Amino acid sequence: MRQAVIGAVLLVIGAVCVALGLLPLDDLGVLAERVLPVLGFVLGLTIVAELAADAGVFDRLADVAARVGGGRTIGLWGAVVVLAVLCTVFLSIDTTAVLLTPIVISLARRVGLPPMPFALTTVWLANTASLLLPVSNLTNLLAVDRMGLGGPLPFAGLMAWPAVAGVVVPCAVLLVVFRGKLFGRYTPVSVRRPSDPVSFWAASAVLVALVVALTAGVTVWIAAVAGALVLVVVAAFRSPAELRPSRVPWSTLLFAAGLFVVVETLHSTGLTDPIVRALGDGTGTGPLLLLGAGGAVAANAIDNLPAYLVLEPAAGHEAVRYAALLIGVNAGCLVTPWASLATLLWHARLSAEGVHLSWGKYMLLGCIAAPLTVVAGVLALAI
């Protein structure tokens, strides 16, 4: 609700800016052409993920992870890492942080293990593993068309090694921090049967088709909305009570739309120019590290989405500089609670599950993981 209120306020501010001529109508039209497909993707993918979770797809994946772990805690944690990475890469950061987190917590409790190492793994990887594909993060979707790479696979080719660093470094930190809890044994659980096999297999098929479509270069909003429509039709027949207006991510859409308009106004009036100039130019290791660090600092100050939007002109139409900025705002947003909306949503789910982690401890751990991840990611990009 708070996010929706902020989004509405931002939209009102944006409307005032347009009325005063601070944001020309032509610029607003160009902005709309750019962001409406992005918002359509967010809408479609959120509905797909929510209905797939209702159908038990993520529960089944968690149970399979427990079997793959083979009774060893480190094996289960490794399986959760793989699950979190795949979920983030193909279904986006929010799906991992919001939908996978309570399922992983429930899984840890079912096998008698402390949930915190697994819960922190999901939120860190939701952020840092979101570098590989355009659909992994909203910031990537905004950047990919400006990078001129020609589609998701060239994007993945550029971001592959930074994405590896975005997984390996946080996992190494987690292994050190939770070394006393990640080595032991547990009793594997049975794989649960879905309550409605029709919904389960329909959701599974849509997810597989969506992954194929998004990696093959199909227009992302069309693929996501088509998948959502299929599952809505299935739910209308199998579980109509699940089709509630609250399943639509109204607050996220309002927040993002308002933010786009306000930041575009800042660009039009030149208020962001001094910040952009401070980040220099060039594609050497030093300039890329500076841009990545700037992105990380900005993300932890004002949230990673507005940070990307404000600093986007600093990329200067160089694909490698866009990549460095993405590393900074995505992999670097592990310190402050507001650095990523997914982190705030994750913490709310954590509290709802009765798992308590103080923001002080979260920020302390983030101060270790974030700089290491950003530096490793930018070096991987530069090398």
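Refer to the structure above for everything that follows.
Calculation notes
Residues numbered from 1 in each chain as written. Predicted model: local features only at pLDDT ≥ 70, side-chain atom pairs only at ≥ 80, totals over all residues. Heavy atoms only, no water. Core = buried A, V, L, I, M, F, W, Y, C linked by side-chain atoms within 4.5 Å. Buried < 20%, exposed > 50% of the residue type's maximum accessible area, 1.4 Å probe, protein only. Helix = DSSP H or I, 4+ residues; strand = E, 2+ residues; numbered from the N terminus. Contact = heavy atoms within 4.5 Å. 1 Å grid on protein atoms, 1.4 Å probe; cavity = no way out; pocket = protein on both sides within 12 Å on 5 of 7 lines; lining within 4 Å. Points joined across faces, edges and corners; volume = space filled by probe spheres on them. Nonpolar A, V, L, I, M, F, W, Y, C, P; charged D, E, K, R; others polar. Expected span 1.5 Å × (residues − 1). Axes fitted to C-alpha atoms, helices over the stretch in contact; angles between N-to-C directions. Left-handed = near helix turned anticlockwise from the far one by under 90°.

### Topic: the nonpolar core
Inside soluble globular proteins, nonpolar side chains tend to come together where they are buried.
Turning to step 1, where the next piece is worked out: Ranked by internal contacts, the top residues of the largest apolar core, which has 134 residues, are Leu 76, Leu 120, Trp 124, Phe 260, Tyr 308 and Trp 346.
Turning to step 2, where the next piece is worked out: Here this core takes 12 residues from helix H2 (residues 25–54), the largest share from any one element.
Turning to step 3, where the next piece is worked out: The residues contacting Phe 260, other than those within four sequence positions of it, are Leu 31, Val 35, Leu 39, Leu 142, Leu 305 and Leu 309.

### Overview of the layout of surface pockets
Turning to step 1, where the next piece is worked out: Of the volumes computed, that of the largest pocket is approximately 780 Å³.
Turning to step 2, where the next piece is worked out: Every residue lining the largest pocket is counted, 36 residues in all, and those nearest its centre are Thr 46, Asp 94, Pro 249, Thr 252 and Leu 345.
Turning to step 3, where the next piece is worked out: Within the residue set of the lining of the largest pocket, elements represented by two or more residues are H2, helix H5 (93–110), helix H7 (138–147), helix H11 (250–269), helix H14 (304–311) and helix H16 (341–352).
Turning to step 4, where the next piece is worked out: No other element matches H2, which puts six residues into the lining of the largest pocket.
Turning to step 5, where the next piece is worked out: Residues belonging to the lining of the largest pocket are distributed by class as follows: 19 nonpolar, 11 polar and six charged.

### A look at unusual backbone geometry
Turning to step 1, where the next piece is worked out: The phi torsion at Asp 303 lies on the positive side, around 95°, for a residue other than glycine.
Turning to step 2, where the next piece is worked out: Examined against the element boundaries, Asp 303 turns out to sit in the loop between helix H13 (285–302) and H14.

### Details of H13
Turning to step 1, where the next piece is worked out: In a regular helix each residue adds 1.5 Å, so 18 residues correspond to 26 Å; H13 covers 26 Å between its end C-alpha atoms and thus fits that length.
Turning to step 2, where the next piece is worked out: Of all the residues in H13, the buried ones are Leu 288, Leu 291, Gly 292, Gly 294, Gly 295, Ala 296, Ala 298, Ala 299 and Asn 300.
Turning to step 3, where the next piece is worked out: On its buried face, H13 sits against H14, helix H15 (319–331) and helix H17 (359–382).
Turning to step 4, where the next piece is worked out: Asp 303 lies just past H13 and shows a positive phi near 95°.

### Remarks on the packing of H2 against helix H10 (residues 220–238)
Turning to step 1, where the next piece is worked out: In contact at an axis separation of 8 Å, H2 and H10 are set at 35° when each is read in the N-to-C sense. Relative to H10, H2 is oriented so that their crossing is left-handed. Contact with H2, carried on its side by Pro 37, Gly 40, Phe 41, Gly 44, Leu 45, Ile 47, Val 48, Leu 51 and Ala 52, involves Val 220, Trp 221, Ala 224, Val 225, Gly 227, Ala 228, Leu 231, Val 232 and Ala 235 of H10 and no other residues of that element.
Turning to step 2, where the next piece is worked out: The class makeup of the residues in the contact of H2 with H10 is 15 nonpolar, three polar and no charged.

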